[in-house]
Amino acid sequence: MSANDLIRTQDLVNNPVPRIPVCLCLDTSASMMGPPIDELNQGVQLFFNSIREDTVASYMAEIGIVTFGVNVACIADFASLKIQPNAPLLQAAGMTPMGEAINLALDLLEARKKEYKDKGVEYYQPWLVLMTDGVPNGDPLQLARAENRLVDLVNEKKLTIFPIGIGSAADMATLEALSPRRKPLKLQGLKFKDFFVWLSQSVSQTSQSRPGDIVPLNSNGITSWCEI
Amino acid sequence: MWKLVKCAVQGRGHVKAGTPCQDKVCTYTGNGVSVIALADGAGSARLSHFGAQRVTQFVCEEFSDHFDDWFQEPDGVLVKKQLVQKILEQLTDLRQELNCELRDLASTLLVVAAKEDCFLLIHIGDGVIGYWRDGELKVASHPENGEFANITFFTTSSNAISTMKIAKGNLGNIAGFVLMSDGTAESFYSHQTSSLAGVLAKIMKMTLIFPQEKIEKDLLESFEQVVIQRTHDDCSLALMVRPTDSFTGFEDLSQEEKCDVLEINMLTPDIKKKLARYTKIMRMINRRPSCTLVSLSREIHLKPKYTRKYLMNVLRCGLIQSCKNGHYKSSVK
């Protein structure tokens, strides 16, 4: 028996790659109209492009997008970029029902995790990126429920949240209440691209990590363009 | 009685990053005890390869020297506490030698020890422990990852005791155990069905047929060419196997497996008759201290000049070895 005959490629099991669910929860209210929504669209597109260019991350990252404006909607359900290669176009209009949007994002994350478990797919701690330029004005009960859920998940180390305020009108106090471990960052001007470059690099880093690895998801890499 | 083999290969991610292979394996036989141990050093711990090495060596010696004490202790919690305490003592000594933090030496740990008809099993963290009984592969201990893929538990974790799994029992028909790190599990353990790849049974059979050196060499080559291509992580494996009624050696292989082992084509004319002769030769050689060409020729009712061809082939394949005065004996005795 030659060494080549001991273990052949066809003898091995085919495990699906572990997934990194990333949910972008984005404010598309009327106040985002004009340059902010254009910059945000370019930033999200850049995020998709950067992940796609990384062979490992493109298989592992699953991006979902929830927007809040005229209504609260999931405009892209969790899927890898092999299935969902292009970012959807965001349009600004309406109010800021942030609580409702966060609850929808968390429901979708829970549903996706259940699918992973049912199918024996390993997954990493989910990420939630929350971006807003204003004050939440949806149902206060929904916002309170969202806050409770986020705080519990973050404290139980079941979710990583990146709260980002856009412009001077962003309600940083509410963002801070939603994120017990990570201080919200205020985007400097409209530098969405820099943030999404950093985010895609963090996804790439996480996709190559092994059990026991610590992937630093601190804001050091992005403080140069954020106001804290 | 037990045959023990091991293998550890640096992962592609570690080659790229210039970090050493953090998977360590140790096998040991002494005092009538056979032990296999495997530890996967934590990726985040800079000296975890030293910790993994120390802890595998320690448990092999500990279970070899004190198997009965550990086996006879009825209180499982006490076993866990005492074992973690002894491991931490070892790592504390090493920490002083290396002038580092305890967490720098973190690793997972998988161990199986067997003495007479008894076995012990220890598992902290990820990786898989499997066993082979009545021709079937089963999982004895699944990976312990918590909820997320990049989280696991280590020898130095505060919850090492609560996440440690221990088992003991009678071997019965168990013919083999296998330990694998999470990197290897990507190729041999299905997360979807929580089951093991059948090729592990083949490796166990081959371990009983071929010399340890050949199996370890072939394993290393196979890991380098096939297994590490499936992951960025280090890959390692340790196994122990013994002959039982369900598999004693060459004669219990299927026809296809015999052809693989003998490197002959299944479509060769009169293949059944030829394999039957090979089987008789191997049976005779395995059951006697040594045989000659003439005695083997009589056994298979074939002239010596034709018997020689069969003999030369099993010799070439490494199944037997030649001794002085024209005698031949099994390679695995």
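Residues numbered from 1 in each chain as written. Chains lettered and ligands numbered in written order. Predicted model: local features only at pLDDT ≥ 70, side-chain atom pairs only at ≥ 80, totals over all residues. Heavy atoms only, no water.

**Student:** How do you make sense of the overall build of chain A when you look at a structure like this?
**Tutor:** Within chain A, the regular secondary structure consists of seven helices and seven strands. Tracing chain A from N to C terminus, the helices and strands come up as α-β-α-α-β-β-α-β-α-β-α-β-α-β. Per-residue burial for chain A yields a buried fraction of 56% across its 228 residues. (Helix = DSSP H or I, 4+ residues; strand = E, 2+ residues; numbered from the N terminus. Buried < 20%, exposed > 50% of the residue type's maximum accessible area, 1.4 Å probe, protein only.)

**Student:** Sorry, what's going on with the packing of aromatic side chains here?
**Tutor:** Aromatic rings in a pair are described by how distant their centres are and how their planes are angled relative to each other. All names here are of chain A. Scanning all chains against the criterion turns up 14 aromatic pairs over all chains. Centroid distance Phe47 to Phe196: 5.6 Å. Interplanar angle 40°. Geometry classified as tilted. Remark: Phe196 occurs in helix H7 (residues 192-207) and Phe47 occurs in helix H2 (residues 35-53); sequence separation between them is 149 residues. For the residue pair Phe47 and Phe196, the accessibility class agrees, reading buried in each case. Taken together, a centroid distance of 5.5 Å and an interplanar angle of 80° make the contact between Phe162 and Trp198 edge-to-face. Highlighted residues: Phe162 in strand E5 (residues 160-166) and Trp198 in helix H7, separated in sequence by 36 residues. The residues Phe162 and Trp198 share a single accessibility class, namely buried. (Phe/Tyr/Trp six-rings, centres within 6.5 Å; stacked < 30°, edge-to-face > 60°.)

**Student:** I keep staring at the side chain of Arg19 of chain A and nothing clicks. Help me out?
**Tutor:** All names here are of chain A. One can find Arg19 in the loop between helix H1 (3-6) and strand E1 (20-27). Arg19 sits in the buried class, given a relative accessible area of 18%. A polar contact is formed between the side chain of Arg19 and the backbone oxygen of Val17, at a distance of 2.9 Å. Here the side chain of Arg19 touches Glu62 through a polar contact of 3.0 Å, side chain to side chain. Arg19 has contacts with Tyr59, Met60, Glu62, Tyr116, Val121, Glu122, Tyr123 and Tyr124, leaving out every residue within four places of it along the chain. (Polar contact = N/O pair within 3.5 Å; in protein donor to acceptor, adjacent residues only side chain to side chain. Contact = heavy atoms within 4.5 Å.)

**Student:** It is not clear to me how helix H8 (residues 255-262) of chain B should be interpreted in this structure. Could you clarify?
**Tutor:** Residue pairs spaced three or four apart in an α-helix point in one direction, given the helix's 3.6 residues per turn. Those residues of H8 of chain B that fall on the buried side of the exposure criterion are Glu257, Lys258, Cys259, Val261 and Leu262 of chain B. Contact partners of the buried residues in H8 of chain B: helix H6 (199-209), helix H9 (271-287) and helix H11 (304-316) of chain B.

**Student:** Help me understand the interface of chain B and chain A in this model?
**Tutor:** Many analyses report the size of an interface as the accessible area lost when the parts associate. The partner chain A presents 36 residues to the 44 residues of chain B that form the contact. Note on chain B versus chain A: buried area summed over both sides is about 3500 Å², and carbon and sulfur give 53% of it. There are one salt bridge connecting chain B and chain A. Asp260 of chain B is paired through a salt bridge with Arg8 of chain A; the nearest N and O atoms lie 3.2 Å apart. At the junction of chain B and chain A, the tally comes to 10 residue pairs in polar contact (both at pLDDT 80 or more). Mapped by element, the contributors of at least two residues to the side of chain B that touches chain A are helix H1 (12-17), helix H5 (182-188), strand E10 (189-190), H6, helix H7 (212-225) and H8 of chain B. Here the side of chain B that touches chain A takes eight residues from H7 of chain B, the largest share from any one element. Tallied by class, residues from the side of chain B that touches chain A come to 18 nonpolar, 14 polar and 12 charged. (Buried area = accessible area lost by both parts, 1.4 Å probe. Salt bridge = Lys/Arg side-chain N within 4 Å of Asp/Glu carboxyl O. Nonpolar A, V, L, I, M, F, W, Y, C, P; charged D, E, K, R; others polar.)

**Student:** Before we go on, may I ask you to explain the pattern of salt bridges in this structure?
**Tutor:** Any two side chains of opposite charge can pair if their charged atoms end up close together. Under the definition given, this model contains 17 salt bridges over all chains. Residue Asp118 of chain A pairs with Lys114 of chain A through a salt bridge whose shortest N-O separation is 3.0 Å. Taken together, the residues span about one helical turn, with Asp118 of chain A and Lys114 of chain A both in helix H4 (residues 98-118) at a distance of four residues. Notably, a salt bridge pairs Glu97 of chain B with Arg54 of chain B, separated by 3.2 Å at the nearest N-O pair. One end of the pair, Glu97 of chain B, is in helix H3 (residues 76-98); the other, Arg54 of chain B, is in helix H2 (residues 48-72), with 43 residues separating them in the sequence. Residue classification places Glu97 of chain B among the exposed residues on the basis of a relative accessible area of 54%.

**Student:** So what exactly am I meant to see when it comes to the nonpolar core here?
**Tutor:** The tendency in soluble globular proteins is for nonpolar side chains to be buried as a group. Counting residues in hydrophobic clusters, the biggest one holds 63 residues, and the most contacted among them are Ile7 of chain A together with Phe188, Leu200, Leu219, Phe223, Leu311 and Leu319 of chain B. A domain split of this core shows at least three residues from each of domain 1 (3-241) and domain 2 (250-330) of chain B. In contact with Phe188 of chain B, not counting residues within four places along its chain, are Ile7, Leu12 and Val13 of chain A together with Met180, Ser195, Leu196, Ala197, Val199, Leu200, Phe223, Val227 and Leu237 of chain B. (Core = buried A, V, L, I, M, F, W, Y, C linked by side-chain atoms within 4.5 Å. Domains from an automatic or database assignment.)

**Student:** Mind showing me how you'd approach the domain arrangement of chain B here?
**Tutor:** Residue and element names in this part refer to chain B. Parsing chain B into structural domains produces domain 1 (3-241) and domain 2 (250-330). Summarising the inter-unit geometry, the C-alpha centres of domain 1 and domain 2 are found 36 Å apart. In this complex, domain 1 contributes seven residues to the contact, which on the side of domain 2 involves eight residues. Across the interface of domain 1 and domain 2, roughly 580 Å² is buried in total on both sides, 65% from carbon and sulfur atoms. Looking at the side of domain 1 facing domain 2, the largest losses of area belong to Lys205, Ile209 and Phe210, adding up to 67% of the total buried there. Our count for the contact surface shared by domain 1 and domain 2 stands at one salt bridge. Linking Glu257 and Lys205 is a salt bridge whose minimum nitrogen-to-oxygen distance equals 3.0 Å. The element that contributes the greatest number of residues to the side of domain 1 that touches domain 2 is H6, accounting for four residues. Of the residues contributing to the side of domain 1 that touches domain 2, the split by class is four nonpolar, no polar and three charged.

**Student:** Can you help me understand the environment of Ala52 of chain B in this one?
**Tutor:** Residue and element names in this part refer to chain B. Along the chain, Ala52 falls in helix H2. Along the primary structure Ala52 and Gln22 are separated by 30 residues, whereas in three dimensions their C-alpha atoms are 7.1 Å apart. Beyond its immediate chain neighbours, meaning those up to four positions away, Ala52 contacts Gln22, Lys24, Ala39, Gly41 and Ser107.

**Student:** Looking at this model, I keep getting lost on the packing of H2 of chain B against H3 of chain B. Mind explaining?
**Tutor:** Describing two packed helices takes the angle between their axes plus the distance from one axis to the other. Residue and element names in this part refer to chain B. Interhelical geometry of H2 versus H3 gives an angle of 140° and a closest axis separation of 10 Å. By the angle between their axes, H2 is oblique relative to H3. Of the two elements, H2 crosses H3, and the hand of that crossing is right-handed. Contacts between H2 and H3 pair Phe50, Gly51, Arg54, Val55, Phe58, Glu62, Phe63 and Trp70 from the former with Val79, Gln82, Leu83, Lys86, Ile87, Gln90, Leu91, Asp93, Leu94, Glu97 and Leu98 from the latter. Among the residues making up the contact of H2 with H3, the classes are represented as 11 nonpolar, three polar and five charged. (Axes fitted to C-alpha atoms, helices over the stretch in contact; angles between N-to-C directions. Parallel < 35°, antiparallel > 145°, perpendicular 65-115°, else oblique. Left-handed = near helix turned anticlockwise from the far one by under 90°.)

**Student:** When you look at the pairing of strand E4 (residues 109-115) of chain B in this model, what are you seeing that I'm missing?
**Tutor:** The side chains of a regular strand alternate between the sheet's two faces. Residues and elements named next belong to chain B. Counting buried positions over the seven residues of E4 gives seven, a clear majority of the element. Alternating positions in E4 separate into two faces, Leu109, Val111, Ala113 and Lys115 on one and Leu110, Val112 and Ala114 on the other, with burial throughout. Bridge count between strand E3 (residues 33-40) and E4: six bridges; the pairing is antiparallel. By the bridge assignment for E4, Val33 is matched with Lys115. Note: E4 against strand E5 (residues 118-124), seven bridges, orientation antiparallel. Each bridged residue has a counterpart across the sheet, and for Leu110 the counterpart in E5 is His123. (Pairing = 2+ DSSP bridges.)

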